[in-house]
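Commentary on secondary and tertiary structure
Now for the letters of each chain:
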Amino acid sequence: MHQKPDPDAMGSSLALAGFLSQLGHNIAVISPTNWPDFLKWMPGCRNVVDFEAAKEKALSILDSAEWLFCLDFNAMHRTKHMAQKLKELQCVKVLIDHHEQPETASFDYGISLTSKSSTSEMVYDFIVGSGKAELINQDIASCLYAGIIGDTGSFRFPATSSDVHRMVAELKNKGLQHSIVHENLYDNFLEDRLRFLGHVLLYRMEVFYEYNAALIAIPKSDLLKFNVRTGDTEGLVNYPLSIQGIKLAGLVIDRDEERKWSFRSKGDFDVNTFARTYFNGGGHFNASGGRSADSLQKTVQAFKNAIKENATQLQ
Ligand code: 5GP
Ligand code: MN
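Residues numbered from 1 in each chain as written. Chains lettered and ligands numbered in written order. Predicted model: local features only at pLDDT ≥ 70, side-chain atom pairs only at ≥ 80, totals over all residues. Heavy atoms only, no water.

Some thoughts on the coordination of the manganese ion (ligand 2)
- Every protein donor of the manganese ion (ligand 2) is accounted for by Asp 8 (OD), Asp 72 (OD), His 98 (NE2) and Asp 151 (OD), and the metal-donor separations fall at 2.1 to 2.4 Å.
- With a relative accessible area of 0%, Asp 8 lands in the buried category. (Donors = N, O, S within 2.8 Å, 3.2 Å for Na, K, Ca; no water. Buried < 20%, exposed > 50% of the residue type's maximum accessible area, 1.4 Å probe, protein only.)

Spelled out as structure tokens, the structure:
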């Protein structure tokens with residue numbers, strides 16, 4: 001899965017692991033980095049190896065692997081410090097992913113479908129396609145459902161097809177308790193996180209009505225003041241999009257090693273291209289990310305210049 005996994009990355013990986021282990025395979029799930037607390041309820045999450053925290057263990061698993069499944073990322077660099085090792089491995093590498101422009105040369109086999117709502121939907125298709133749908137149990141169903149609601153914004157984004165709804169109906173037949181999954185993901189924060197959200201919306205958001213764009217820039221001091229932890233900034237970038245008329249939202253966080261960007265858009269503004277062109281990133285048409293080595297102030301200025309350059313597409 002990609003670094004700092006979200007519900008889809010973690011959910012698709014754990015679901016595939018749950019399926020393959022029932023077929024008698026010896027499976028390990030590795031995350032390139034740690035993950036948010038709101039994913040820790042997921043069945044199987046306790047056994048996930050954090051590459052940064054348990055590097056020796058992860059390396060020895062990788063060295064003995066015959067097959068490597070790469071889920072929910074399109075290019076090896078999305079696994080951060082694990083990328084070099086993954087490139088060197090001689091085992092069979094399989095990609096299952098829905099991001100644009102996959103780095104196909106890095107994989108032996110794979111399926112990359114940008115029309116799919118989530119990698120979790122693709123893992124579901126993979127299991128059904130294998131003819132062993134009866135192995136989808138309640139645990140697998142919970143993981144897949146978490147990935148689906150994470151990546152579809154709880155069924156609102158355009159990629160939410162009728163297939164997605166049919167899949168969820170089948171998961172309900174497998175014993176899925178959907179409201180528990182929603183609670184685990186969205187009603188599982190500490191007070192600090194909500195106060196941080198209020199602070200950010202009041203003091204760190206700038207709206208550019210002439211370009212139908214908005215920006216949230218978070219300095220390091222806020223992260224310290226509100227004790228912000230992995231996952232606490234998830235979903236923040238969506239708030240500006242709830243303002244009438246706003247088509248593009250950017251969120252930049254001053255992380256130690258880089259300024260990390262998230263972009264979201266509504267309608268026909270392509271943030272995959274936007275992130276690739278200006279911020280060394282990529283992703284999907286309506287949701288992408290990127291990064292910058294510049295200071296927070298400089299990269300914010302770069303965003304302001306970029307929206308000016310894209311004025312016609314944004315209006
Ligand atoms: P998020 O804003 O939630 O971190 O990421 C939004 C989407 O863009 C996700 O699908 C994520 O995988 C992708 N993404 C985020 N950052 C990057 C990046 O730096 N490069 C690429 N290629 N994709 C990214
Ligand atoms: Mn995904």
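Re the pairing of strand S3 (residues 67-71)
- Pairing geometry for S3 and strand S4 (residues 92-97), over 5 bridges, is parallel. Within S4, the residue paired with Phe 69 across the bridge is Val 94.
- In this fold, the crossover linking S3 to S4 by way of helix H3 (residues 83-88) has right-handed handedness. (Pairing = 2+ DSSP bridges. Helix = DSSP H or I, 4+ residues; strand = E, 2+ residues; numbered from the N terminus. Right-handed = clockwise from strand over helix to strand, strands pointing away.)

Considering the sheet that holds strand S5 (residues 109-112)
- With parallel pairing, the 3 strands of this open sheet are ordered in space as S3-S4-S5. Each edge of the open sheet carries a strand with a single partner, namely S3 and S5. Each strand axis lies, on average, 15 degrees off the axis of its neighbour in the sheet, ignoring direction.
- Strand direction decides the pairing type here: S4 and S5, joined by 4 bridges, are parallel. Bridging across to S5, Ile 96 finds its partner in Ile 111. (Axes fitted to C-alpha atoms, helices over the stretch in contact; angles between N-to-C directions.)

What about the packing of aromatic side chains?
- Applying the stated criterion across every chain yields a total of 16 aromatic pairs.
- Each ring, one from Trp 261 and one from Phe 303, has its centre 5.3 Å from the other, and the planes form 15 degrees; the classification is stacked. Here Trp 261, found in strand S9 (residues 259-265), pairs with Phe 303, found in helix H11 (residues 296-309); they are 42 residues apart in sequence, far enough to count as distant.
- Residue class for Trp 261 comes out buried when judged on its relative accessible area of 0%.
- Their ring planes at 80 degrees and their centres at 5.3 Å tell us that Phe 263 and Phe 274 sit as a pair that is edge-to-face. With a gap of 11 residues between them, Phe 263 in strand S9 and Phe 274 in helix H10 (residues 271-279) connect regions that are remote in the sequence.
- Take Phe 263: its relative accessible area is 0%, and that puts it in the buried class.
- Its relative accessible area of 2% is what places Phe 274 among the buried residues.
- Of note, Arg 193 hangs over the ring of Phe 189, and the distance from its end group to the ring centre comes to 4.0 Å. (Phe/Tyr/Trp six-rings, centres within 6.5 Å; stacked < 30°, edge-to-face > 60°. Lys NZ or Arg CZ within 6 Å of the ring centre and 35° of its normal.)

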